Each structure stands twice: as structure tokens, then as C-alpha cells.
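Spelled out from the first residue to the last, the chains are:
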Amino acid sequence: MNARLSPSIRVLWITPELQGGIASYSRLLWPVVAEAARADGLFEPLMLLQTALGESADAISVVRDLQPQLVHVQHEYGLFGGTNLFLDVLPRWLRRLRQAVPRGTSIVATAHKVLPDGYRLETRGQGWCGLQNRMANATVLPWLRRSWREGTWGRFDGVIAHSALQVACLQGCGLSAVAAIPHVVPEISLPAGERRRLHTVSRITVFGYFCPEKGQDVVIEAMRHVRPPVLLRLAGGVGHPMNSGYHERCQRRIAELGLQDRVEVTGFVPEADISRLFQESDLVVAPFRTTNGSGSLVQALARGAAVLASDLPLNREINDRVPDTLAFFASEDPLDCARQIETLLADANRRQSMGQQASRYAVNHSPALIARQHLDFYRRVLSS
């Protein structure tokens, strides 16, 4: 056994977010990883350290006291200042982190967003930032890409992606330890029996915060072509102030199309109400423009929902893992979205079969199985 693989490798998780999707992901998975680590015997789980970006000094102080031998950082660009290389605090933060841990400590990351080849800054639905992004795309994009990739992932000793399709990009940053570990699916206890039907008309649901990447506007446009009676529920609020304008434009478009009686915007959905939301839905639509492995999508799969998703490669990868889990429509095409909605609403047997496959997918990507894959990855990093 490699000398580094001595007993009781102290493992610390750091999540630079107090509330949000990545914070929830960490709170779900860390206890299961910690339990698996204790049972394994090689690792000593220390704690999940959640901290706001402005409190990074306190986080470094805690790290210095704990002296971990492996630090696992949950990374998303926005948690470290965004994709603007002048605002990105990750390089400085990592230097301070390495100074605080013992020499030879491995620092790894989960990449909750990997920017693919050809990625450009979003210009749609960004307000005045759209003009700024357009100028950046035309001028400094090569430098930005190096910052997003080698300047981000190359600073770690290993990186976990949620998709096998992202592995080549990470390996191109010079990493020897890269793993594709799909997004964990929470274990949800649902009442036995049939899905509740508290309504007489079909209901479709889009779940998640409003933002252009989630594509709520695509389904709003699709509703023009869906024959009534069908109701659309947009279940989510504004997760970041920069998306307030997009939320307002969606609300305005609903009014312009005369869909006020057919579209409900719920605002933020408390965790206690999420299961009921999916149980009351005949179909869930995930109209993403882009995705890196969505937490909102796995919430639907965890509850055995029938899901119609945009045909992005990472969405199609879900069906590669468990066939027929999702149905698809052409990304950003409201007319095809409408056609697929009508086809699925007319086929209860197919929706039931998709729900069964979704439940199978959830079992295959349970917290316990995903936790064991994390420990296998830690071994690879420590042995390299």
C-alpha cells in the first residue's frame, strides 16, 4: 500500500454556500459519505464546513485547526465570484487553503459546472450585462477560457464531474485524477398507492429557480400550441437578483399571450411541499438551455415522475444509464415541446413506464452508492 494510504486519512468537505442547490446537495451527501468513511476504516470524516464567501477567513481558520489530509471543495463559479477572471477569488482562496493544511494534503473538487468547448458568455436575458458579455465574447474570450479551465481545475489534485461527457475537458487541464460521478438522487419516502389526482385537467410542472438556463420561457411559448384544458405550474422563485429581469419578462409574456388562467407561478417551493407538487403533476418538463447535472431534475426522478426534457447531451446521458427514464423535445423549440407534451399527456401507460424507470434510476444513484464512489475516488487521488 502507498505510504500516503495510512489509516485515518482526515477528510474535510468545504461548501462555500449557506443556502442554495449546492448547499442542499452537500447536506444530503456528506452524512452518507461520512458514514461510509467510518465503516471503511481508512478515512476519518471531520465535518462539512459551510461558509459564505465573505467569511472565508473564518473557514481557513477552522481548516488550520482541523489539519485535514484531504479537502473536498464543492465548486461552482458563482460561489467564487463568477466567470469574470478579475472577480474570481478561487486562486487566492486556494493559496490560503494550501498554506493552512499539512504539506502533501490533497485538495479535490466537485465541478458543479464545467464550461464546455465553445462556451460563450450568455447574452440573452441578461439586461445591461448582455452588452458587457457580448463585448467580452468578441475580445477576451481566449483568456477567459484559460481561466475557466486550466486556471480553475488545474489548481486541484483531482476533480469529480457529474457527467462522463465532461471528463475529457477536465483531463485536458492536466488532471490525472478525474471521475464521473452522477448527481446523487435523494431517497424520498412516498405514500403507497397511485399518484394523487386532485384535479380533472392535466397539469404539467416546471420546477426550479427562474433563470434563462432553466428555460421557463420555452414552456410558456409552448403553451400557445398546447390544446386546453392543460395547466402549467412554474414552481420556483428568483434564486439570484440578476435573474429578476428574466422572471419579470416571463410574467409579462404570460400576460401578453393571455395565459393567466392556464399558467400559475408559485414562487419558492418549501421542501415540505415538493413531494406534493410532483404527485399532483401529470408531467414534469425540464426545458433547460444548458445543464451540468441538475438538482431540480433529480428531485423529479426521486419521486418517480414522468419527465420531458430538452435533448441536451447531459440529459440524454440519463437514458444511457437507465433506458427510457426521460422523454425528449428539441432544445429551445416551443413547438416541438408542445407536440411532445400533448403526446405524453395522451399516453398514460408511457408516463407510468417512465415513472417506473425514474424510480429505478433513483435506486441506482442513491446516496449510499454515490458515497462509495467518492471513497473510491479519494483512494485514486491519494495513490497518485
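Quick caveat: nothing in here was measured; it's all calculated off a predicted structure. (Residues numbered from 1 in each chain as written. Predicted model: local features only at pLDDT ≥ 70, side-chain atom pairs only at ≥ 80, totals over all residues. Heavy atoms only, no water.)

A. Inspection of a positive patch on the surface at higher detail. A cluster of basic residues, Arg64, Arg92, Arg95, Arg96 and Arg155, forms a positive patch on the protein surface. Here the positive patch gets three residues from one element, more than from any other, and that element is helix 3 (residues 90–100). As for its position among the elements, Arg92 is in helix 3. (Patch = residues over 30% accessible without salt bridge, like charges linked within 9 Å, V, L, I, M, F, W, Y side chains within 5 Å. Areas by Shrake-Rupley, 256 points an atom, 1.4 Å probe, with all protein chains shown as cover. Salt bridge = Lys/Arg side-chain N within 4 Å of Asp/Glu carboxyl O. Lys, Arg positive; Asp, Glu negative; His and termini not counted. Charge placed at Lys NZ, Arg CZ, Asp CG, Glu CD. Helix = DSSP H or I, 4+ residues; strand = E, 2+ residues; numbered from the N terminus.)

B. Local environment of the sheet that holds strand 5 (residues 158–161). On the basis of which strands lie adjacent, the open sheet formed by six strands has the order 2-1-3-4-5-6 and parallel pairing. At either margin of the open sheet sits one strand with a lone partner, and together these are strand 2 (43–50) and strand 6 (178–180). Strand-to-strand twist in this sheet, taken as the mean axis angle between neighbours without regard to direction, amounts to 20°. Both strand 4 (residues 106–111) and strand 5 contribute to a ladder of four bridges, which runs parallel. (Pairing = 2+ DSSP bridges. Axes fitted to C-alpha atoms, helices over the stretch in contact; angles between N-to-C directions.)

C. Layout of helix 9 (residues 244–256). Here helix 9 contains 13 residues, and its C-alpha end-to-end distance of 18 Å stays within 8% of the 18 Å for a straight helix at 1.5 Å per residue. The complete set of buried residues in helix 9 reads Tyr246, His247, Cys250 and Ile254. Seen from one end, helix 9 has its buried residues packed into an arc of 105°, which puts them on one side. Looking at the buried positions of helix 9, the neighbouring elements they touch are helix 8 (216–222), strand 8 (230–235) and strand 9 (263–265). (Expected span 1.5 Å × (residues − 1). Buried < 20%, exposed > 50% of the residue type's maximum accessible area, 1.4 Å probe, protein only. Arc of directions from axis to C-beta. Contact = heavy atoms within 4.5 Å.)

D. Quick look at unusual backbone geometry. Residue Pro229 is bonded to the preceding Pro228 through a cis peptide linkage, with omega at 5°. Assignment of secondary structure puts Pro229 in the loop between helix 8 and strand 8. Positioned with a positive phi, Gln67 is a non-glycine residue whose angle comes to about 55°. For Gln67, the location among the structural elements is in the loop between helix 2 (56–66) and strand 3 (70–75). The backbone of Asp324 shows a phi angle near 65°, a positive value even though the residue is not glycine.

E. Spotlight on the state of the cysteines. The full count for this structure, using the stated rule, is zero disulfides. Looking at Cys169, it has no disulfide partner, and the nearest cysteine sulfur is the one in Cys173, 5.2 Å off. Free cysteine: Cys211, not disulfide-bonded; nearest cysteine sulfur from Cys250 at 9.7 Å. (Disulfide = S-S within 2.5 Å.)

F. Main features of the pattern of salt bridges. Summed over the entire model, instances satisfying the criterion amount to 14 salt bridges. In this structure, the salt-bridge partner of Arg233 is Glu264, at a minimum N-O distance of 3.3 Å. Of this pair, Arg233 sits in strand 8 while Glu264 sits in strand 9; the two residues are 31 residues apart in sequence, bridging distant segments of the chain. You can call Glu264 partly exposed: its relative accessible area is 40%. Note that Glu317 and Arg321 form a salt bridge whose closest N and O atoms lie 3.2 Å from each other. Here Arg321 and Glu317 lie together in helix 12 (residues 313–321), a separation of four residues that amounts to about one turn. Via salt bridges that share partners, Arg203, Arg233, Glu264, Asp273, Arg276 and Glu280 belong to a single interconnected network.

G. Representation of the sheet that holds strand 10 (residues 283–286) in the model. Pairing within the open sheet is parallel, and its six strands lie in the order 9-8-7-10-11-12. Of all the strands in the sheet, the pair left with one neighbour each is strand 9 and strand 12 (326–329). Strand-to-strand, the axes of this sheet are offset by a mean angle of 25°, without reference to chain direction. Of the pairings in the sheet, the one linking strand 7 (residues 202–207) to strand 8 comprises six bridges and is parallel in character. Residue pairing for strand 8: Val206 is matched across the bridge by Leu234.

H. The pairing of strand 11 (residues 307–310), seen in detail. Relative to strand 11, strand 10 runs parallel, the two sharing three bridges. Opposite Ala286, over in strand 11, you have Ala309 as the bridge partner. You can see the chain leave strand 10, run along helix 11 (residues 295–302) and come back into strand 11, and the turn it takes is right-handed. Here strand 11 runs beside strand 12; their pairing, made up of four bridges, is parallel. When the sheet's bridge partners are listed, Ser310 is paired in strand 12 with Phe329. After leaving strand 11, the chain enters helix 12 and then returns to the sheet as strand 12, a path that is right-handed. (Right-handed = clockwise from strand over helix to strand, strands pointing away.)

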